[in-house]
Amino acid sequence: PWSTSSGNWILPSCRNRTEAIEAADFMRLLIVGCGYVGAEVAATAAPGDQVFALTRSPERVSELRELGVQPCVGSWHAPETLRDLPDVDRVLVSVPHRSDQDLGERSHEVGLENLRTAFQSQYAANRWPDVLYLSTTGVYGVGGGQAVDERTPTNPGRTGGKIAVQAEGWLEEHWPAEQMTVLRLAGIYGPGRIPLAEELRAGRPLAVPQSGYLNLVHRRDIARMIHQLLRQRPPQPCYVFSDGNPVARMDFYTHLADLCGVSQPQFTDAPTNDSRRRRAGDKRVDPSRIVRDTEFTYQFPDYRMGLADAVRE
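Residues numbered from 1 in each chain as written. Predicted model: local features only at pLDDT ≥ 70, side-chain atom pairs only at ≥ 80, totals over all residues. Heavy atoms only, no water.

Asks: Help me out: how do you make sense of the pattern of salt bridges in this one?
Replies: Opposite charge on two side chains permits pairing when their charged atoms draw close. Taken as a whole and assessed by the stated rule, the structure comprises 14 salt bridges. A salt bridge links D130 to R233, with the nearest nitrogen and oxygen atoms 2.7 Å apart. You can see D130 sitting in strand β7 (residues 130-136) and its partner R233 sitting in the loop between α6 (219-231) and β13 (238-241), a full 103 residues away along the chain. We note a salt bridge from R224 to D221, for which the minimum N-O separation is 2.7 Å. Within this pair, R224 and its partner D221 are both found in helix α6, separated by three residues, close to a single helical turn. (Salt bridge = Lys/Arg side-chain N within 4 Å of Asp/Glu carboxyl O. Helix = DSSP H or I, 4+ residues; strand = E, 2+ residues; numbered from the N terminus.)

The following block contains the structure:
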């Protein structure tokens, strides 16, 4: 399903991808990267599901247990810590797309390879857990308000997108095609995570471009989609996911200011080396394929509903 020449997913279905995962009353899920999204997935797991989480921080053990998660202390960059992974049938990779000091843009690729080696050593031959990899719409290095979907060639200009593209390519080559799904997420927001909210409340100018589109998806809808994809394999190996309603950046921050009861936003140019400037894209993400294939219904279909929930909480 992957074209190495264009760096793009080819859309005809993989063999057997339309087949549902053999139904069970519960699943055994390992979350690699149980942060903002992973914690929501764990908290909304179905009764009877067993959820494990790989964490590098022993300090998070008690926090994860409070979520009902069984913590596994280790790192996907340290193979010696992966020798006793739990016996699971699903893996959710929800690790931020950040460059590693030693591995650079190969950080996710190497992590995935270490996971595969660990599973190979512990599991019976040809027995693989299904993997759902959370990628990013940062794989599309386009601007000018261009619409993007799964057919759009990838051409990332930023580190996060480059990390994701390399990881996607590694999965296509090394994981059984019918047992892996890539979900390219738009901007994640929700309670405790609203872009530039603190700057707006403090009356500081926002160091992002005033023009251009934001593509967003609420954390709760992400978790709901993840649970759906984990329960039943979709017909395609790769999808983009947003709320499907791109919003002009000025409209978003004007509405956020109204909700917070503060002055209207002011904008300023970010320094050239500021990460916010590098992240400020201008494209329009079209998630219609995944909505159609999964018959998904949004709880927060646009930024107005999502912000109302996030600000209230």
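On we go from here.
Asks: What should I look at first to understand the environment of Q166 in this one?
Replies: Looking at where Q166 falls in the secondary structure, it is placed in helix α4 (residues 159-174). Overall, Q166 belongs to the partly exposed group, its relative accessible area being 27%. Once the C-alpha coordinates of Q166 and V110 are considered, the two residues, 56 residues apart in sequence, prove to be 9.9 Å apart. Ignoring anything within four residues of it in the chain, the contact list for Q166 reads E105, R106 and E109. (Buried < 20%, exposed > 50% of the residue type's maximum accessible area, 1.4 Å probe, protein only. Contact = heavy atoms within 4.5 Å.)

Asks: Would you take a moment to explain helix α10 (residues 303-312) for this structure?
Replies: Structural remark: α-helix, 3.6 residues per turn; residues separated by three or four positions point the same way. Along α10, the residues classified as buried are Y303, G306, L307, D309 and A310. Angular distribution of buried residues about the axis of α10 spans 165 degrees; they occupy a single face of the element. The inward-facing, buried residues of α10 contact β10 (187-189), β12 (216-218), α6, β14 (247-248) and α7 (249-260). For α10, the capping residue at the N-terminal end is D302, with a side-chain oxygen 3.0 Å from the backbone nitrogen of R304. (Arc of directions from axis to C-beta. Polar contact = N/O pair within 3.5 Å; in protein donor to acceptor, adjacent residues only side chain to side chain.)

Asks: Just to check I follow, could you spell out the packing of helix α3 (residues 107-122) against α4 for this structure?
Replies: What describes two packed helices is the angle between their axes and the distance between those same axes. Between α3 and α4, the shortest axis-to-axis distance is 7 Å and the interhelical angle comes to 30 degrees. The orientation of α3 with respect to α4, classified from their angle, is roughly parallel. On α4, the residues touching S107, H108, E109, L112, E113 and R116 of α3 are I163, Q166, A167, W170, L171 and H174. A class-by-class count of the residues in the contact of α3 with α4 yields five nonpolar, four polar and three charged. (Axes fitted to C-alpha atoms, helices over the stretch in contact; angles between N-to-C directions. Parallel < 35°, antiparallel > 145°, perpendicular 65-115°, else oblique. Nonpolar A, V, L, I, M, F, W, Y, C, P; charged D, E, K, R; others polar.)

Asks: What should I look at first to understand the packing of aromatic side chains in this one?
Replies: Two aromatic rings, taken as a pair, are described by how far apart their centres are and by the angle between their planes. One pass over the full model with this rule turns up eight aromatic pairs. On the numbers, 4.9 Å between centres and 90 degrees between planes, the contact of F252 with Y253 is edge-to-face. Each member of the pair F252 and Y253 is classed as buried. Of the aromatic side chains, those joined through ring pairs into one cluster are F252, Y253, F267 and Y303. Across from the ring centre of Y36, 4.2 Å away, lies the NZ or CZ of R219, which sits over that ring. Lying over the aromatic face of Y213, R284 brings its terminal NZ or CZ to 6.0 Å of the ring centre. (Phe/Tyr/Trp six-rings, centres within 6.5 Å; stacked < 30°, edge-to-face > 60°. Lys NZ or Arg CZ within 6 Å of the ring centre and 35° of its normal.)

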